[in-house]
Amino acid sequence: MKILAPFSLPHEVPALIAAGATELYCGVVPEELRHEVGDFESLNRRRGYDANLWSLEDLEHSTAVAHAQSMPVFVTLNRFFSHRQ
């Protein structure tokens, strides 16, 4: 059985692996985008900004830690377009 676990902070990755996750997933909403479009329901099905990584640097670090343990990481990089945009 595979256990797909979400994470939103880089330091969660080792704990999820230790707890038995076999796959990880996350979303990325860069902080500059948050200031540009405000809070919204992200397209990656993880609600709000606190459920997503805030930078590509966090994504790079998190995937490096996971890949060092042969753990796959799935990422959604969709962008929300508001009516204003």
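Residues numbered from 1 in each chain as written. Predicted model: local features only at pLDDT ≥ 70, side-chain atom pairs only at ≥ 80, totals over all residues. Heavy atoms only, no water.

Chemist: How should the overall build of the protein chain be read in this particular structure?
Modeler: Secondary structure assignment for the protein chain yields three helices and three strands. Reading the protein chain from its N terminus to its C terminus gives the helix and strand order β-α-β-α-α-β. Expressed as a percentage of its 85 residues, the buried residues of the protein chain come to 36%. Long-range contacts, defined as pairs at least 24 residues apart, comprise 57% of the intrachain contacts of the protein chain with a sequence gap of at least 6. As displayed, the protein chain offers around 5,600 Å² of accessible surface, 55% of which is attributable to carbon and sulfur atoms. (Helix = DSSP H or I, 4+ residues; strand = E, 2+ residues; numbered from the N terminus. Buried < 20%, exposed > 50% of the residue type's maximum accessible area, 1.4 Å probe, protein only. Contact = heavy atoms within 4.5 Å. Areas by Shrake-Rupley, 256 points an atom, 1.4 Å probe, with all protein chains shown as cover.)

Chemist: Would you mind going over the pairing of strand β2 (residues 23-27) with me for this structure?
Modeler: It is a general feature of regular strands that their side chains alternate between the two faces of the sheet. With four of five residues buried, β2 lies mostly within the body of the structure. Where strand β1 (residues 4-6) lies against β2, three bridges are found, and the strand directions are parallel. By the bridge assignment for β2, P6 is matched with Y25. Taking the sense of rotation as the criterion, the β-α-β connection linking β1, helix α1 (residues 12-18) and β2 turns out right-handed. (Pairing = 2+ DSSP bridges. Right-handed = clockwise from strand over helix to strand, strands pointing away.)

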